[in-house]
Amino acid sequence: MASTIEHQEEGKKGPSMVMLLVAYAIITLIAGGAGFGVSATMLKPASMTSAAETVADKAPAKEAAHAPAASGHGAESTHAAESEGHGGATQKLSIVDLPSITTNLVDPTDAWIRMELSLVFEGDADTMLAQEVHQDIIAYVHTMKLYNLRGGSGYQHLMEDLEERAAIRTEGRVKRVLVRSMILE
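Note that the structure is a prediction, hence the values are computed from the model and not measured.

### A closer look at the overall build of the protein
A tally of regular secondary structure across the protein gives 6 helices and 5 strands. Sequence-ordered secondary structure for the protein, helices as α and strands as β, is α-α-α-α-β-β-β-β-α-α-β. The buried share among the 185 residues of the protein stands at 24%. Carbon and sulfur atoms provide 60% of the accessible area of the protein, an area that totals close to 12400 Å².

What follows is the structure in structure tokens.
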């Protein structure tokens, strides 16, 4: 009689470990596929795909844009490249390296930031306009608080603010602000 009770208890253990692992694997594959589908369709705007195709087509222009500067540390340098716009016409882009920015933050006052930036101009670069943008960025960074720079979203907000300020100051001639380095101390 004791042996029949033991056989009945062994039969009521539940699903096997193999079935549980198979279920986990299926759920993981479904979640991964859904994540890939969302990222492929919703997170990549059409302008990004055309820009990526343009960069791939214009490899020599890309090499000219990323050529090392012949000037010393902290000096301005200008690089030029041509890229294809949305209408199919080529547009000239110029990159101006700004002198490094070193300033303290508002809160806490003992926190310092050092940034090295570049401006991407549409058309020919204007060094006087770049200097105005440089001074405007120094004034803006000096009014920032350390907690506003924390995390990826803080960095993204900083970049959006810098690009907006540069575009307003230059009446839309600056298309991007590139961060070469940023150090918080």
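### A word on unusual backbone geometry
The step from aspartate 107 to proline 108 runs through a cis peptide bond, and the omega angle for that step is -5 degrees. Mapped onto the secondary structure, proline 108 falls in the loop between β3 (101-104) and β4 (112-122). Positioned with a positive phi, glutamate 171 is a non-glycine residue whose angle comes to about 55 degrees. Checked against the element boundaries, glutamate 171 lands in the loop between α6 (151-169) and β5 (174-184).

### Details of the nonpolar core
Within the largest apolar cluster, 24 residues are counted, with the highest numbers of intra-cluster contacts made by Leu119, Leu162 and Val177. Listing elements by their share of this core, those giving two or more residues are β4, α5 (127-142), α6 and β5. Excluding its chain neighbours within four sequence positions, the residues that come into contact with leucine 119 are Ser94, Ile95, Val96, Leu98, Ala130, Val133, Val174, Arg176 and Val177.

### Regarding a nonpolar patch on the surface
Taken together, the side chains of Met17, Leu20, Leu21 and Tyr24 make up a nonpolar region of the molecular surface, amounting to roughly 440 Å² of accessible area. Here leucine 21 shows up in helix α2 (residues 17-41).

### A word on the packing of α5 against α6
It is the contact of α5 with α6, at a shortest axis distance of 10 Å, that shows an interaxial angle of 140 degrees. On the basis of their axis angle, the class for α5 and α6 is oblique. The element α5 and its partner α6 pack so that their crossing is right-handed. Side by side, α5 and α6 meet where Leu129, Glu132, Val133, Asp136, Ile137 and Tyr140 of the first sit next to Leu158, Asp161, Leu162, Arg165, Ala166 and Arg169 of the second. Among the residues making up the contact of α5 with α6, the classes are represented as 7 nonpolar, no polar and 5 charged.

Calculation notes
- Residues numbered from 1 in each chain as written.
- Predicted model: local features only at pLDDT ≥ 70, side-chain atom pairs only at ≥ 80, totals over all residues.
- Heavy atoms only, no water.
- Helix = DSSP H or I, 4+ residues; strand = E, 2+ residues; numbered from the N terminus.
- Buried < 20%, exposed > 50% of the residue type's maximum accessible area, 1.4 Å probe, protein only.
- Areas by Shrake-Rupley, 256 points an atom, 1.4 Å probe, with all protein chains shown as cover.
- Core = buried A, V, L, I, M, F, W, Y, C linked by side-chain atoms within 4.5 Å.
- Contact = heavy atoms within 4.5 Å.
- Patch = residues over 30% accessible without salt bridge, like charges linked within 9 Å, V, L, I, M, F, W, Y side chains within 5 Å.
- Salt bridge = Lys/Arg side-chain N within 4 Å of Asp/Glu carboxyl O.
- Axes fitted to C-alpha atoms, helices over the stretch in contact; angles between N-to-C directions.
- Parallel < 35°, antiparallel > 145°, perpendicular 65-115°, else oblique.
- Left-handed = near helix turned anticlockwise from the far one by under 90°.
- Nonpolar A, V, L, I, M, F, W, Y, C, P; charged D, E, K, R; others polar.

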